[in-house]
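# Coordinate inspection notes
Spelled out, the chains give:
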Amino acid sequence: MTDKSHRDRLLRVCDLHLEGRSDEEWIPIVKGVSFDLHKGEVLGLIGESGAGKSTVGLAAMGFTRDGVRIAGGSVEFDGVDLVNASADVKRNLLGKRIAYVAQSAAASFNPAHKIIDQHTEAPVQHGVEGRADSEADAMELYARLRLPNPEEIGFRYPHQVSGGQLQRAMTAMAMSCRPDLIIFDEPTTALDVTTQIEVLAAIRKIVEDFDTAAIYITHDLAVVAQMADRIKVLLKGEEVEEADTRTMLSSPQQDYTKSLWAVRSFERPAKPAPAVDAVPVISVNGITAAYGTVEVLHDVSFDIHAGRTVAVVGESGSGKSTAARCITGLLPPVSGQIELEGVPLPADYRQRSRDQLRQVQMIYQMADTALNPRKTIGEIIGRPVQFYGRMKGKGKRARVEELLDAIEMPPAQYIDRLPSELSGGQKQRVGIARALAADPKFIICDEVTSALDQLVAEGILRLLARLQDELGLSYMFITHDLATVRAIADEVVVMKDGRVVEQGGKRDMFQPPHHPYTDLLLSSVPEMDPDWLTDLLAERGVDNIGDAAVDKM
Amino acid sequence: MGSVGKIILQRLALGLLTLLVVSIVIFTAVNMLPGDFAEAILGQGATPEAVAAIRRDLGLDQNPVMRYFDWLGGVLRGDLGTSFAQLNFQANMGATSLQTVASQIAPRFSNTMFLAGVTAAIAVPVSLALGILAALYRNSAFDKGANIFTLSSISSPEFFLAYVLILFLAVLNPILPSLSNIYEGMGFAERLERTLLPALTLTLVVTAHMMRMTRAAIIQLLASPYIEMARLKGISPMRVIVRHALPNALAPIVNVIALNLAYLITGVVVVEVVFVYPGIGQLFVDAVKIRDIPMVQACCLIFATAYILLNLTADILSIVSNPRLRHPK
Amino acid sequence: MIVLTILAGVAGLLAAAWAFRAIGRAAAGGRPRFRDMSFGEAFGWVFAAAALAFGVWLYLQEGAVFFRWAVQGFVIFSVAAWVFRTLGRHVGTEATRKLFRQMPLTAAFGILVILIYAVVAIFAGVIAPYGQEQVLANANVVAGGNPALGGDPAFPLGTDQIGRDILSRLIYGAQNTVGIAFATTCLAFALGGTFGFLAATLGGWLDQVLSRFVDVLMAIPSLIFALLLMTIASVWANQLGVPLTVFMVVIIAVIDSTRVYRLARAVAGNIVVMDYIEAAKLRGEGLGYLIFKEILPNATAPLLAEFGLRFCFVFLTIASLSFLGVGIQPPAADWGTMVRDLAQFINYAQFAPQAAITPLLAAGAIALLTVAVNFVVDWMLFRSSGLKE
């Protein structure tokens, strides 16, 4: 990452305004964004959801989606005014000199054609090179991007290739005409961490190899720190600040940027280990569970003690949510037992007593689907109060207000609102209040922060930590995000393919020696250090990261 | 290829099973008739011979299960029984030659197929073209106009459209005959001319449905990320449609066509009555009015079979044209 | 010859479109309006202009009586809908005013027509000049009320073959046809909705049995199945002395409830997988609470839209059955039956346009209501899909 700002300017975006249509009105979604991009330079665009970063990325290609229009400003690519250029002029640039890599490769490849046919389309159509040359070039690019069987993989259909490989094939496709500029629109957001790192390494290598300028759009700071020369921060369609990567990471200027950086610093003090003879609140003993005949959990055991948080981590498909379904009784296990304070719980939730149901509560990942959109906040929280506590009228109302106070939402303001009138973080708080209303001992938190922006997520974590200290709750914290684990967990259970790979106290888990899988998982999480990826690759070599390493186990 | 073959075989088996169950439903429905319905049907003037013949024909003294298998066996051999009207006629008039249901249905069946064929030949290309245009120029004046027109057309009963067409194309401007007088041995051109008005009526209804469904399918397709990707690769609009949209549109479009041909089956009944078109639909309605049970049963079975087969075809074609299933992992 | 004329016309339009775009480009300079205009769009504009010109020409023709009536009717309804919408925007509560502000003209037209039908149906006895079964002195009086042409001012729409006033029968038809269709749809919803919700919530064998049963019933085209069952019902109706119309309501409701079942099950199925339902189940809530307090409030919007569509379908099925002679039984006035009885008047259209209008009025009354309901439903569906995004 050297300074490239002295080189020729490739793209200049000046005071760009974009509007989106809702109902019959045009409302502004991007309010004046400007930046320059020089040859071979990588600009990271970061911001939370709704910041307008993808829209800016597309507008930099002179393209707007249906229902979006450019309301003002200019986009100038190598002397061509893309805002006012005719469709033919723009078409000549797209694919040939400006390319695009989309978030979901699986949806962005046409299912009806082989990968290589889609790869060669742009070069052949733009008259860059012939089909045979382009095919040979594709294989070379596949090899550079470390795709397995580069000679053969292009002749498969998109659905026959895995997500991480497809994302690299799409990067190869974007490279097919050797463009001057590539827009990467959250290319690794949908991938697991161990897959993500491979794709990141591949993208960075190829962009450097061909000296291509790029705009890298993401919401993940640590990722952008590895990829970009300069970083630009957006908030709700407005610029916050822009600086080169190292400056931005070491000394952010604006309050918003500083708060983004601070999120990752939240960490609870460690608790003393539970007494040896203490009875765990929840004890999972040798659970084996299956969907139909397919076994998805194999002999899973762990304990959760009073007032402590156990984080269950693993990638998608590792069985962590299934374990939660067994504990709640939604999926009766094939064998094994769940104990609540030493007393076995019936396997099926329908056989559990009302008091047993009350003790185990759940908070969901998607607050949108977890709250009935037709009920007011007061009704949602009031129902368990009435159902378990048998309170009515004034008593119920008082308890609901108390709970709203506990989640830091003023009752007078929120009690009669509908979920649709709340922000994502507020909805998640209401979900927490509903769980608290049952007055439980144990709460399962299923990826409660993964759908939220980082600042909001931090607020939720702090709230949960405070409630735990005040009420002596036990949490089972399902997550794939190790930063969350570091922030809130007391103990960690690592799962892979339906088995517990390793478990222990948090401090032990973040210090070697580890089980090789835990090690891989931990090492794959990007850190806020611009040299992290470089160091990692130097330390391990390209063959010992990501899925390649998993395959070796 | 193996898995597609397996799925298609499964669908075929399911279709056959559905047919079998439907035949049971139809048979059971007829068996819900009151015991002494023969007199009721034939009315006061029924001769004892006719009543006895009907009872014998339906085998009312046997147990229902046996009767069902007898009937099903007959159907499979092409023997659909003898119509009551014919029985009554024979009993009253002493005629010797009896027309079976099958021999009455056969010529009319081919007439109906002709009508459906002419309708499909007009409706399919027109509605696909209009549907694709409406999708490409969605939210334009053309799209909104087409939306109003198709909604009105779907909402109108077939006989309303039929009489409007008769009014304009047969009475006020005598271009086409208002009655479809079709007989055997007619020349193709003349036959086509007399079929055109009922076919146009059906076309109006079916086109509206087909066009709306095509439009919806294409719009959904054009919103997919791979179409946006193709545009962002700088591919010409024509090539985006032909190379990227059409191969994936095949499945939904084929589905739309088959479903609407199935829809024709219901429409044909009313339209044939309006134009006195000698097809199976008119025969069916006549049989319903005089409660000619074997005839009703047979027509119902034929309509249901055609309907199930078309739906089955739609199902299978959309499986075959799905690239994900054609090229399994 | 005709083919050649058409081909020449199309070629002329294509040439005109090309010229239109070329001229537009030259005149407007580099502005995107014409610069980026595709040939298809240019052709569309030229074609629309040609169609409009043809319409104007036809309207001015002496003989085009029906076309003129159609255009006049269209204009009158459009203006009425516009006035109605404007009224709605200024009268009523803030919520209804907001509703009217977002409403397209088609939906306003639909609501207006539905209101008119409702009023006519409810007050048929007050509005109609004669009774629906009342046989008057003169049969076959021509519509129009002009004695010189065989009309009678007392019967503005004339009388039928046995001397009943057609206007009165049209008005009573609203009560009979619409009322019966409405009752049938309600019954179909009660049946299909109940079983659909139960199947989605309970799942398991009940869902399997009901769904397979519905699959079989839906494998038979509904009009055909209705005709088969009506044949059998007609025998029973005679024996039991129960009016055939009652059988018809039950038969159509049962056949149609299969479609309602499918939708209700699908809608409830989408809601049942929501986390808030899981939360309620894990709380230990009973089936009644789940269905009435958690699922139903979220299912009303799609079910209401489906009610409109189902009503249209039932209404058209009943009209078709009546038209075929096996639906609503005489002497009750019914639009489908009226179309069949009056159909031969169409053939006099050339000499007496006003006589030919009566069967079309009855058929048009059916079409108008279904069009109106469809417009409203179309808008409702658009609104609910728009709100989701």
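Below is a summary of the structure that appears in this document. (Residues numbered from 1 in each chain as written. Chains lettered and ligands numbered in written order. Predicted model: local features only at pLDDT ≥ 70, side-chain atom pairs only at ≥ 80, totals over all residues.)

## Thoughts on the overall build of chain C
Put simply, the test is: Helix and strand labels come from DSSP, where a helix needs a run of H or I of at least four residues and a strand needs a run of E of at least two; each type is numbered from the N terminus. Remark: residues whose backbone-derived C-beta atoms lie within 7 Å of one another are considered to be in contact.
Across its full length, chain C holds 15 helices and zero strands. Across its three principal axes, chain C shows a C-alpha extent of roughly 75 × 70 × 50 Å. Long-range contacts, defined here as pairs at least 24 residues apart, represent 67% of the contacts in chain C between residues at least 6 apart.

## Structural notes on the interface of chain A and chain B
The cut-off we apply is this: As a working rule, the residues Ala, Val, Leu, Ile, Met, Phe, Trp, Tyr, Cys and Pro are called nonpolar, Asp, Glu, Lys and Arg charged, and the rest polar, with Gly in that last group.
Across the boundary between the two partners, chain A contributes 24 residues, which contact 16 residues of chain B. Of the residues assigned to the side of chain A that touches chain B, the class counts are 12 nonpolar, nine polar and three charged.

## A look at the interface of chain C and chain B
It is common to give the size of an interface as the accessible area lost on bringing the parts into contact. Contacts between chain C and chain B engage 47 residues on the former and 44 residues on the latter. At the level of secondary structure, the elements contributing two or more residues to the side of chain C that touches chain B comprise α10 (222-240), α13 (287-324) and α15 (353-388) of chain C. With 14 residues, α10(C) is the single largest residue contributor to the side of chain C that touches chain B.

## A short note on the pairing of strand β19 (residues 491-496) of chain A
Residues and elements named next belong to chain A. Formally: Neighbour density around each residue's C-beta defines its exposure: 20 or more other C-beta atoms within 10 Å make it buried, 12 or fewer make it exposed, and counts between make it partly exposed, where C-beta atoms are placed from the backbone. One bridge is not enough; two strands pair if DSSP finds at least two bridges between them.
Burial runs high along β19: six of the six residues are buried. In this structure, strand β13 (residues 309-313) lies alongside β19, joined through four bridges in parallel fashion. When the bridges of β19 are listed, alanine 311 appears paired with valine 492. Pairing between β19 and strand β20 (residues 499-505): six bridges, direction antiparallel.

## Brief notes about helix α1 (residues 2-28) of chain C
Which entries qualify depends on this criterion: Take the number of residues in a helix, subtract one, and multiply by 1.5 Å to get its expected span.
The first and last C-alpha atoms of α1(C) sit 38 Å apart over 27 residues, in line with the 39 Å expected at 1.5 Å per residue. Taken across its 27 residues, α1(C) has two buried, putting it largely on the surface.

## Here's the deal with the sheet that holds strand β1 (residues 9-22) of chain A
Residues and elements named next belong to chain A. Strand order in this open sheet of four strands is β2-β1-β4-β5, and the pairing throughout is antiparallel. A strand with exactly one partner marks an edge of an open sheet, and here the two such strands are β2 (25-38) and β5 (80-81). Two strands pair when backbone bridges link them, and strand β4 (residues 68-77) and β5 are joined in this way by two bridges, in the antiparallel orientation. Residue pairing in the sheet places phenylalanine 77 in a bridge with valine 80 of β5.

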